[in-house]
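Observations on the model geometry
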Amino acid sequence: MNSRTIGIIMVVLIIIIGVFALINKKSLAGGKEALERAQIIFKYDDLEFMLDFDYLSSLEEKEFTAVLDTSSTDPTRHNYTGLALYKLLEDLNIDTNNIRQVVVRGVDGYTVALTPSEVMDKDNIYIAYKQDGKPLKTKGKGGVGPYQVVIRKDQFSQRWCKFLVEIEVK
Ligand SMILES: Nc1nc2c(c(=O)[nH]1)N[C@H]1C(S)=C(S)[C@@H](COP(=O)(O)O)O[C@H]1N2
Ligand SMILES: [Mo]
């Protein structure tokens, strides 16, 4: 391969990376604002609206324990405060018999798809806003909040979505 070919390949790669960075930035722009205002973007059918902390904390608050396992810590049991995801769907009058999945997304683009049966399990999936009695700190302050999806039955915490900013019901 001559240096001209290598040059062309490099330019093409840089353009591709640039385009992906731009797409990524755009899709997260609304997410950053939501995160800063402690809001969650909710999408259902053709509707899109914001859920704020006043609303979320007005729904049935639950305290529960779950075992958190991160890449830097051993598994440890914590107390969490938040609301069950199915309660939110109930309050929004979503007919859960007719959904295919619920997709949750963090401000960093991390995406987790939840099945209807997982969602309807009444003691599994929560939107947590406190850990051990303290509000979850935002990403900017080194935390995982202000909202984190906690899945009690996911023992490795892999699907616990940190910095939750979007819930989409499909
Ligand atoms: N928003 C978001 N949530 C996430 C992740 C992530 O990269 N972004 N990583 C997942 C993985 S793979 C693990 S193991 C747990 C803990 O990740 P940590 O060790 O990076 O804190 O968070 C999960 N939730
Ligand atoms: Mo992980």
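What comes next concerns the included structure. Please read all numbers here as calculations on a predicted model, not as lab measurements.

All right, on to the pattern of salt bridges then. Applying the stated criterion across every chain yields a total of seven salt bridges. Where Glu 166 meets Arg 105, a salt bridge forms, and the shortest distance between an N and an O atom there is 2.7 Å. Taken together, the positions of Glu 166 in strand E10 (residues 164-169) and Arg 105 in strand E5 (residues 102-106) put the pair 61 residues apart, joining distant regions of the chain. Residue class for Glu 166 comes out buried when judged on its relative accessible area of 8%. Linking Asp 121 and Lys 153 is a salt bridge whose minimum nitrogen-to-oxygen distance equals 2.6 Å. Taken as a pair, Asp 121 in the loop between helix H4 (116-120) and strand E7 (125-131) and Lys 153 in the loop between strand E9 (148-151) and E10 lie far apart in primary sequence, 32 residues in all. By relative accessible area, Lys 153 is classed as exposed at 58%. Here the salt bridges do not stand alone but share partners, grouping Lys 43, Arg 105 and Glu 166 into one network.

Leu 85, Leu 88, Val 102, Leu 114, Ile 127 and Ile 167 are the most contacted members of the largest nonpolar core, which has 37 residues in total. The element best represented in this core is E7, accounting for five residues. Dropping the residues within four chain positions of it, Val 102 is found in contact with Leu 85, Leu 89, Val 112, Ala 113, Leu 114, Val 119, Ile 167, Glu 168 and Val 169. If you look at the next biggest cluster of nonpolar residues, it comprises six residues, including Ala 34, Leu 35, Val 107 and Val 165.

The next point concerns unusual backbone geometry. At the junction of Gly 145 and Pro 146, the peptide bond is cis and its omega measures out at 10° in the coordinates. Unlike most non-glycine residues, Ala 38 shows phi in positive territory, near 55°. Structurally, the position occupied by Ala 38 is in the loop between helix H1 (3-36) and strand E1 (40-44).

Now for the site of ligand 1. Neighbouring residues of ligand 1: Thr 70, Ser 71, Asp 108, Tyr 110, Ser 157, Gln 158, Trp 160, Cys 161, Lys 162 and Phe 163. At a separation of 2.6 Å, a nitrogen atom of ligand 1 approaches a polar backbone atom of Trp 160. With respect to ligand 1, the side chain of Lys 162 contributes an N or O atom lying 2.8 Å from an oxygen atom. About the coverage of ligand 1: the protein hides 72% of its 520 Å² of free accessible area. Mapping ligand 1 onto the cavity grids shows that it belongs to the largest pocket. In the shell around ligand 1, the residues fall into four nonpolar, four polar and two charged.

With that settled, consider a nonpolar patch on the surface. There is a patch of nonpolar side chains on the surface, built from Met 1, Ile 6, Ile 8, Ile 9, Met 10, Val 12, Leu 13, Ile 14, Ile 16, Ile 17 and Phe 20 and spanning about 1100 Å² of accessible area. Here Ile 8 is to be found in helix H1.

Quick look at the sheet that holds E1 now. Strand order in this open sheet of five strands is E2-E1-E10-E5-E6, and the pairing throughout is mixed. Of all the strands in the sheet, just strand E2 (47-51) and strand E6 (111-114) have a single pairing partner and so form its edges. Taken over all neighbouring pairs, the strand axes of this sheet differ in orientation by 20° on average, direction set aside. As paired strands, E1 and E10 are joined by four bridges and run parallel to one another.

Once that is clear, we can look at the environment of Asp 45. Looking at the secondary structure, you find Asp 45 in the loop between E1 and E2. Between the C-alpha atoms of Asp 45 and Ile 125, which are 80 residues apart in sequence, the distance is 22 Å.

Turning to the environment of Asp 95, a few remarks are in order. Locating Asp 95 in the fold gives a position in the loop between helix H3 (85-91) and E5. Taking C-alpha positions, Asp 95 is 30 Å from Phe 156, a pair spaced 61 residues apart along the chain. A distance of 3.1 Å separates a polar side-chain atom of Asp 95 from the backbone nitrogen of Asn 97. Of the polar contacts made by the side chain of Asp 95, one reaches the side chain of Asn 98; its length is 2.7 Å.

Conventions adopted
Residues numbered from 1 in each chain as written. Chains lettered and ligands numbered in written order. Predicted model: local features only at pLDDT ≥ 70, side-chain atom pairs only at ≥ 80, totals over all residues. Heavy atoms only, no water. Salt bridge = Lys/Arg side-chain N within 4 Å of Asp/Glu carboxyl O. Helix = DSSP H or I, 4+ residues; strand = E, 2+ residues; numbered from the N terminus. Buried < 20%, exposed > 50% of the residue type's maximum accessible area, 1.4 Å probe, protein only. Core = buried A, V, L, I, M, F, W, Y, C linked by side-chain atoms within 4.5 Å. Contact = heavy atoms within 4.5 Å. Near = heavy atom within 4 Å. Polar contact = N/O pair within 3.5 Å; in protein donor to acceptor, adjacent residues only side chain to side chain. Areas by Shrake-Rupley, 256 points an atom, 1.4 Å probe, with all protein chains shown as cover. 1 Å grid on protein atoms, 1.4 Å probe; cavity = no way out; pocket = protein on both sides within 12 Å on 5 of 7 lines; lining within 4 Å. Sits in = over half its atoms within 2 Å of the grid points. Nonpolar A, V, L, I, M, F, W, Y, C, P; charged D, E, K, R; others polar. Patch = residues over 30% accessible without salt bridge, like charges linked within 9 Å, V, L, I, M, F, W, Y side chains within 5 Å. Pairing = 2+ DSSP bridges. Axes fitted to C-alpha atoms, helices over the stretch in contact; angles between N-to-C directions.

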